[in-house]
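Here are the chains, one letter per residue:
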Amino acid sequence: MDILIIGGGGREHAIAAALAKSPKTGRLYCAPGNGGIAALAECFPEVKATDIDGAVTLAKRLKPDYVFVAPDDPLVMGMVDKLEAEGFKTFGPRANAAILEGSKAFSKGIMKKYGIPTAAYETFTDEEKAVAYIKEQNSYPAVIKADGLALGKGVIIAKDFEEAKAAVHSMLVDGKFGKSGSDIVIEEFMDGTEVTVLAFTDGKSVKPMVSSMDHKRAYDNDEGLNTGGMGTIAPNPLYTPEIAEECMEKIFIPTVKAMSAEGRPFKGCLYFGLMLTSKGAKVVEYNCRFGDPETQVVLPLLETDLADIMEAITEERLGELDIKWSNKSCACVVMASGGYPEKYETGKSISGLDERGQCADAYVYHAGTKLADGKYLTAGGRVLGVTVTGDDLRSALDAAYKAVGGISFEKAHYRKDIGKKAL
Ligand code: AMP
Ligand code: GLY
């Protein structure tokens, strides 16, 4: 099977690496791809991941057997629908199911209707009503979320009334997140530990992958701004078999059933962002795709052929498939450009990588790099995800940090405490 992957970050590099291992895989293509992905797939940097028409035109030219749409924006914008209409087989949900990530008001509504545990909430479009609700709740921190996609930045955890009021104003009046913030969700703050569980689903059955732990803040001890993710570990030891069972019964199966009952069957990878609270596991958010950088630590532990899973989902026979996972642990440390997630420079030369963009003792997933005259240059906020699979978490983390020590670029920044909470 020739496969075209849409996207160009560390997640897409991990998907490409998993598919490259499959004996079923023929040619691999990636649009736009990046410097590191180019070692595995022919890349098309001129086709951006959000360019629906460009992707359809490229697919018509390359005639792949599958198109794997990895990022949120094209899924929410309906890239899968457009590709299907042209006769292509795809991996990823249609727009009517991707809305589970595309609209927080929609996803909260589904959870309320089907009794799926999540934070109590209300939705608003009117500033006065929103502020009155915050006053009436009188509970801080208060959580204020833009309805639509906002690069993970559309959530404000306000510590008091003044901050909450300002957050509402910035979204509803100043239009801080554009159309994404013209509706807002105000919800109860949930105290607890966060766990990510990615799950394969064909709309009928759901097969959770190994759990993981993301590190969203820029600096050690969860300080600094929220980022796309500074590092991950899998499995997440806080996610015990008992909790997994509870989540399967109360969250995963009900969500997949709910979407099918609504006439919006979800096919692809469904991301459950969970909070383990004193009152049980609750949904923080759904994403309609693989997480980044969760994928970088989850897929290396997958023993079943990803191409087989992809086909089983298309043919709606995922329930028949026995998906096997390694018992090992995996750790990914993200090396970012100094200043990320705010202003940062790009074009810095990266040292410590071989001609394939790899190093001896780790798998280096490229998030934001480009290849120029045979040299790897930084080309984004998150640059590399240095990843190691080990017999246990401690050895995976030690080896990942050792490998990070051998790679450098000007103003490189990484967290020193990835996985520490899990040891
Ligand atoms: P989201 O984009 O909805 O995942 O929110 C981003 C981050 O904000 C989450 O990963 C949590 O760390 C935090 N967060 C969101 N909603 C809540 C909540 N209701 N209670 C506590 N933390 C939250
Ligand atoms: N790592 C969080 C996400 O992919 O949304």
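Just above, that's the structure.
Here we summarise the structure given alongside this text. Everything numeric here is computed off the predicted structure, so don't read it as measured data. (Residues numbered from 1 in each chain as written. Chains lettered and ligands numbered in written order. Predicted model: local features only at pLDDT ≥ 70, side-chain atom pairs only at ≥ 80, totals over all residues. Heavy atoms only, no water.)

**Topic: the site of ligand 1**
- The environment of ligand 1 is formed by 14 residues, the closest being Glu-187, Glu-188, Met-190, Glu-194 and Glu-285.
- Interatomic distance of 3.2 Å between a side-chain N/O atom of Lys-104 and an oxygen atom of ligand 1.
- With respect to ligand 1, the side chain of Glu-194 contributes an N or O atom lying 2.4 Å from an oxygen atom.
- Considering ligand 1 on its own, with 470 Å² of exposed area, one finds that the protein chains cover 91% of that surface.
- Broken down by secondary-structure element, the contributors of at least two residues to the shell around ligand 1 are strand 7 (142–146), strand 8 (155–158) and strand 17 (280–287).
- Across the shell around ligand 1, the residue classes break down as seven nonpolar, no polar and seven charged. (Near = heavy atom within 4 Å. Polar contact = N/O pair within 3.5 Å; in protein donor to acceptor, adjacent residues only side chain to side chain. Areas by Shrake-Rupley, 256 points an atom, 1.4 Å probe, with all protein chains shown as cover. Helix = DSSP H or I, 4+ residues; strand = E, 2+ residues; numbered from the N terminus. Nonpolar A, V, L, I, M, F, W, Y, C, P; charged D, E, K, R; others polar.)

**Things to note about the pairing of strand 9 (residues 184–187)**
- In strand 9, alternate side chains face the same way, and those of Ile-184 and Ile-186 on one face and Val-185 and Glu-187 on the other are all buried.
- With four bridges joining them, strand 6 (residues 121–124) and strand 9 adopt antiparallel strand pairing. By the bridge assignment for strand 9, Phe-124 is matched with Ile-184.
- Examined bridge by bridge, strand 7 and strand 9 share four bridges and lie antiparallel to one another. (Buried < 20%, exposed > 50% of the residue type's maximum accessible area, 1.4 Å probe, protein only. Pairing = 2+ DSSP bridges.)

**Some points on helix 7 (residues 127–137)**
- When we look at burial in helix 7, the residues that qualify are Ala-130, Val-131, Tyr-133 and Ile-134. Looking down the long axis of helix 7, one finds its buried residues gathered within 155° of arc, a one-sided arrangement. Exposed side chains of helix 7 directed beyond 90 degrees from the buried face belong to Glu-128, Lys-129, Lys-135 and Glu-136.
- Check the buried side of helix 7 and you find it contacts strand 6, strand 7, helix 8 (161–172) and strand 9.
- Its side-chain oxygen 3.2 Å from the backbone nitrogen of Glu-128, Asp-126 forms the N-cap of helix 7.
- Downstream of helix 7 by a residue or two, Asn-138 has a phi angle that is positive, lying close to 45°. (Arc of directions from axis to C-beta. Contact = heavy atoms within 4.5 Å.)

**Quick word on the sheet that holds strand 5 (residues 90–91)**
- Strand order in the open sheet formed by five strands is 3-2-1-4-5, and the pairing between neighbours is parallel. Of all the strands in the sheet, the pair left with one neighbour each is strand 3 (42–43) and strand 5.
- Bridge analysis of strand 2 (residues 28–32) against strand 3 gives two bridges, and the strand direction is parallel. From the neighbouring strand, Tyr-29 faces strand 3, where its bridge partner is Glu-42.
- Of the strands in this sheet, strand 1 (3–7), strand 2 and strand 4 (66–69) are in contact with helix 2 (residues 52–62), which crosses strand 1 at around 165°.
- In the packing of helix 11 (residues 306–314) onto the sheet, the strands contacted are strand 1, strand 4 and strand 5, and the crossing angle to strand 4 comes to about 95°. (Axes fitted to C-alpha atoms, helices over the stretch in contact; angles between N-to-C directions.)

**With respect to the pairing of strand 17**
- Most of strand 17 sits out of view: eight of its eight residues are buried.
- Note: strand 16 (residues 268–277) against strand 17, seven bridges, orientation antiparallel. Counterpart to Gly-273 in the pairing with strand 17 is Glu-285.
- Where strand 16 hands over to strand 17, the hairpin turn is made up of two residues, counted between the paired strands.

**Re the pattern of salt bridges**
- Overall, the coordinates contain 25 salt bridges when judged by the stated rule.
- Residues Lys-113 and Glu-262 are paired through a salt bridge, measuring 2.6 Å at the closest nitrogen-oxygen approach. Note that Lys-113 is positioned in helix 6 (residues 104–114) and Glu-262 in the loop between helix 9 (241–261) and strand 16, a separation of 149 residues in sequence.
- When its relative accessible area of 28% is taken as the criterion, Glu-262 is described as partly exposed.
- For Lys-204, the salt bridge goes to Glu-316, with nearest N and O atoms at 3.3 Å. You can see Lys-204 sitting in the loop between strand 10 (193–201) and strand 11 (206–208) and its partner Glu-316 sitting in the loop between helix 11 and strand 18 (329–337), a full 112 residues away along the chain.
- Residue Glu-316 is classed as partly exposed on the basis of its relative accessible area of 34%.
- Overlapping salt bridges bring together Asp-222, Arg-415, Asp-417 and Lys-421 as one network. (Salt bridge = Lys/Arg side-chain N within 4 Å of Asp/Glu carboxyl O.)

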